[in-house]
Every structure is written in C-alpha cells, then in structure tokens.
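Commentary on secondary and tertiary structure
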Amino acid sequence: MRKNILLLPILLFSSFTFSQQNEEITRIIIVRHAEKNDDGSKNPSLSAEGKLRAERLNKMLHEFKIDKLYATPYARTNETLKPIATARKLEISNYSASDKDFAKNVISNERGKTIVIAGHSNTCPTLVNNLIKEEKYKELDESEYGKIWILTFRNEQPADCILLNY
C-alpha cells in the first residue's frame, strides 16, 4: 500500500503539468465497494472491515479536490463513499450500472472535474473499459475489494489509466 500511496503525488503533479498546457483535465476515480456483511440479504451494508477500508480510501484521496461522487443505489457502494462525502460535504448521486450511456455522459457532464465512482466486481472493470475505449480489464473476483482505477482525460480523450490496490 505504501508504494501505491507514493504514486499519488506523481498523479497530482501530472495534473498540474497538464493544466499548464491549457488542456482541460478530467479525473475519474473508480473503486469497487468495500467488504460487505455476509448476511444473505440483497442489499447488505459494509462489514467492520469494509468500513475501515472506506476510511482508508478517504485518507488515500485526501490530496484530491473531489467535485462529485457517484454510487450505484446499494448500501455498500454508498457506504464506501460516505467518509469522502462527509469529509468534503458532498452529496452522493446514484447511477445505474446498466446505463449504457453513463460513461459517455459522465465524461461530458463532469468535464474538468475530479469524480469518484463506486461500483461492483462486475461493473467497475466494464465502466473503466467503456471510459478508456479498450477491453483491458476483466471482472474482479468476488474476494477482491481493494482495487482503484485512476483515469485521466485531456479534453475528454483518455490520457492515462492507473490501477492500484488500497
């Protein structure tokens, strides 16, 4: 994790460099929800471990100016973003993971902003692939919770995609 956290200053510096070139930079951070309770329900909350991971995510992203939060309409995705929302006094907007136009719309509607999106093991890789216009990432194993993609766009064109663990 320490190695991944050391990459954050590089990402921040790259934004500064891009903005110096009068290019509009959009950053989209995509995370799979944190660990959930295994209570058999269709809409479980985060487990104690998941709540700790959500807090870690907030700390990991403290250097980013976050403009908007999106989560699927499930307790576990919203609870994953709750520490960020609370710390920055932001609302969490819900989106449908099955909305085929979400990737295209988020790029055009959130241009020049930094947003965080929480999804699921099967939806995050698909969303990343749609955003970068490349079939690069496969569905996550159900046991993988610590994946985070940081995507950078210059004038709505994919410029960089980094996959980290947190």
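Residues numbered from 1 in each chain as written. Predicted model: local features only at pLDDT ≥ 70, side-chain atom pairs only at ≥ 80, totals over all residues. Heavy atoms only, no water.

Turning our attention to the overall build of the chain. If you tally the helices and strands in the chain, you get five helices and six strands. The secondary structure elements of the chain, listed N-terminal to C-terminal, are α-β-α-β-α-β-α-β-α-β-β. Put simply, the chain has 166 residues, and 46% of those count as buried. A separation threshold of at least 6 residues defines the contact pool for the chain, and within that pool the share at least 24 residues apart is 65%. For the chain, the exposed area adds up to about 8,900 Å²; of that, 48% sits on carbon and sulfur atoms. (Helix = DSSP H or I, 4+ residues; strand = E, 2+ residues; numbered from the N terminus. Buried < 20%, exposed > 50% of the residue type's maximum accessible area, 1.4 Å probe, protein only. Contact = heavy atoms within 4.5 Å. Areas by Shrake-Rupley, 256 points an atom, 1.4 Å probe, with all protein chains shown as cover.)

Let's shift gears to the side chain of Asn58. Residue position: Asn58 is located in helix H2 (residues 48-60). Among the polar contacts made by the side chain of Asn58, one reaches the side chain of Arg88 at a distance of 3.0 Å. (Polar contact = N/O pair within 3.5 Å; in protein donor to acceptor, adjacent residues only side chain to side chain.)

We now examine the packing of aromatic side chains. If you walk through the whole model with that rule in mind, you get four aromatic pairs. Measuring from centroid to centroid gives 6.5 Å for Tyr70 and Tyr95, while their planes differ by 85 degrees, and the two rings are edge-to-face. Taken together, the positions of Tyr70 in strand E2 (residues 68-71) and Tyr95 in the loop between strand E3 (92-94) and helix H4 (102-109) put the pair 25 residues apart, joining distant regions of the chain. Summarising the aromatic geometry, the rings of Tyr70 and Phe102 are spaced 5.3 Å apart at their centres and angled 80 degrees between planes, so their arrangement reads as edge-to-face. Here Phe102 lies in helix H4 and Tyr70 lies in strand E2, a separation of 32 residues in the sequence. Across the pair, exposure class does not vary: Tyr70 and Phe102 are buried alike. Among the aromatic side chains, those forming a connected cluster through ring pairs are Tyr70, Tyr95 and Phe102. The ring centre of Tyr166 lies 5.4 Å from the NZ or CZ of Arg53, which sits over that ring. (Phe/Tyr/Trp six-rings, centres within 6.5 Å; stacked < 30°, edge-to-face > 60°. Lys NZ or Arg CZ within 6 Å of the ring centre and 35° of its normal.)

Right, let's talk about the pattern of salt bridges for a bit. Summed over the entire model, instances satisfying the criterion amount to ten salt bridges. Across the pair Glu110 and Lys113 runs a salt bridge, and its minimum N-O distance is 3.3 Å. Overall, the relative accessible area of 4% leaves Glu110 in the buried class. A salt bridge links Lys147 to Glu144; the nearest nitrogen and oxygen atoms lie 3.4 Å apart. Here Lys147 falls in the buried class, since its relative accessible area comes to 16%. Salt bridges linked by common partners bring Glu24, Arg111 and Glu156 together as one network. (Salt bridge = Lys/Arg side-chain N within 4 Å of Asp/Glu carboxyl O.)

Turning our attention to the confidence of the model for the chain. Per-chain confidence: the chain averages 90 in pLDDT, with 87% of residues scoring 70 or above. For residues 15-19, every residue scores under 50 in pLDDT, and the model assigns this stretch seven contacts once sequence neighbours within four places are set aside. (pLDDT = per-residue confidence, 0-100.)

As a general feature of sheets, a regular strand has side chains that alternate between the two faces. Counting buried positions over the eight residues of strand E1 (residues 25-32) gives eight, a clear majority of the element. Of the two faces of E1, the one lined by Ile25, Arg27, Ile29 and Val31 and the one lined by Thr26, Ile28, Ile30 and Arg32 are each fully buried. Two elements, E1 and strand E5 (residues 147-154), share seven bridges in a ladder whose sense is antiparallel. Residue pairing in the sheet places Arg27 in a bridge with Thr152 of E5. (Pairing = 2+ DSSP bridges.)

This next bit is on the side chain of Ser47. Structurally, Ser47 is set in the loop between E1 and H2. Of the residues examined, Ser47 reaches a relative accessible area of 12% and is grouped as buried. Look past the residues within four positions of Ser47 in its chain and what remains in contact with it is Glu35, Lys36 and Asn37.

A few words now on the pairing of strand E6 (residues 157-165). In this sheet, E6 lies alongside E5 in antiparallel orientation, the contact comprising eight bridges. Of the residues in E6, the one forming a bridge with Ile150 is Ile162.

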